[in-house]
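The chain contents come next:
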Amino acid sequence: MKKIYCIGIGGIGVSALARYYLSRGYEVFGSDKNDSALIETLKNEGMDIIIGQDEARIDRSFEKVIYSEAVPAHQEELQKAQKLGIPSLKYNLALSEVANPHKLIAISGTHGKSTTTSLVSLILKNSGESFYSVI
């Protein structure tokens, strides 16, 4: 089975990628500095997550390591992955790997995101086309 490791898995971006890979049949492992309700939810979904760091968890069986922008370069697990030659991607690059092969609709801004998302969802739902959603 394919395996990935997510450092900073408690963040909303990295956790979303972890869920994406889990839905694609990967075993997902990860770590974060702090425990949270989100991490408990991810554990309940089947992810193997620790609080803190443990470089012994990193071995060549991982296909890739995804890490948050907040993770410092000296973080033990990240350094071990790089030493072993495991592809290690910051969140934004890992997200682009997932998104680039597809057409993507992204909604951002200061005001009106929820309204715009609702309107776009209704348009797509009533279009008769088939779409994949990662939310």
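Everything here concerns the structure above.
Q: Before we move on, could you go through the nonpolar core and cite the residues and values that matter?
A: Counting 18 residues, the largest nonpolar core has Ile4, Cys6, Ile9, Tyr21, Val28, Met47 and Ile66 as its most contacted members. When residues of this core are traced back to their parent elements, those giving at least two are β1 (3-7), α1 (12-23), α2 (37-44) and α4 (91-99). For isoleucine 66, the contacting residues outside a window of four places in its chain are Ile4, Tyr5, Cys6, Ile7, Leu17, Tyr21, Leu89, Tyr91 and Ala94. Among the nonpolar cores identified, the runner-up in size contains 12 residues, and Tyr5, Phe29, Tyr67 and Leu78 belong to it.

Q: Give me the packing of aromatic side chains: which residues, what numbers.
A: The final tally for this structure, using the stated rule, is four aromatic pairs. Geometrically, the ring pair formed by tyrosine 5 and phenylalanine 62 is edge-to-face, given 5.5 Å between the ring centres and 85° between the ring planes. A residue pair is termed long-range when its members are at least 10 positions apart, and tyrosine 5 in strand β1 and phenylalanine 62 in the loop between β3 (48-51) and β4 (64-67) qualify at 57 residues. No difference in accessibility class separates tyrosine 5 from phenylalanine 62, as the two residues are buried. Judged by centre distance (4.9 Å) and plane angle (80°), the ring pair of tyrosine 21 and tyrosine 26 falls under edge-to-face.

Q: How would you explain the side chain of serine 31 if you had to name every residue and give the values?
A: Locating serine 31 in the fold gives a position in strand β2 (residues 27-32). With sequence-adjacent residues up to four places away left out, serine 31 is seen in contact with Tyr5, Cys6, Ile7, Gly8, Ile9, Ile49, Ile50, Gly52, Gln75 and Glu77.

Q: Before we move on, can you summarise the environment of arginine 19 with the specific residues and values?
A: Mapped onto the elements, arginine 19 comes out in helix α1. Residues arginine 19 and glycine 46, 27 residues apart in the sequence, show an inter-C-alpha distance of 9.8 Å. Dropping the residues within four chain positions of it, arginine 19 is found in contact with Leu38, Thr41, Leu42, Glu45 and Met47. Among the polar contacts listed, one links the side chain of arginine 19 to the side chain of glutamate 45, at a separation of 2.9 Å.

Conventions adopted
- Residues numbered from 1 in each chain as written.
- Predicted model: local features only at pLDDT ≥ 70, side-chain atom pairs only at ≥ 80, totals over all residues.
- Heavy atoms only, no water.
- Core = buried A, V, L, I, M, F, W, Y, C linked by side-chain atoms within 4.5 Å.
- Buried < 20%, exposed > 50% of the residue type's maximum accessible area, 1.4 Å probe, protein only.
- Helix = DSSP H or I, 4+ residues; strand = E, 2+ residues; numbered from the N terminus.
- Contact = heavy atoms within 4.5 Å.
- Phe/Tyr/Trp six-rings, centres within 6.5 Å; stacked < 30°, edge-to-face > 60°.
- Polar contact = N/O pair within 3.5 Å; in protein donor to acceptor, adjacent residues only side chain to side chain.

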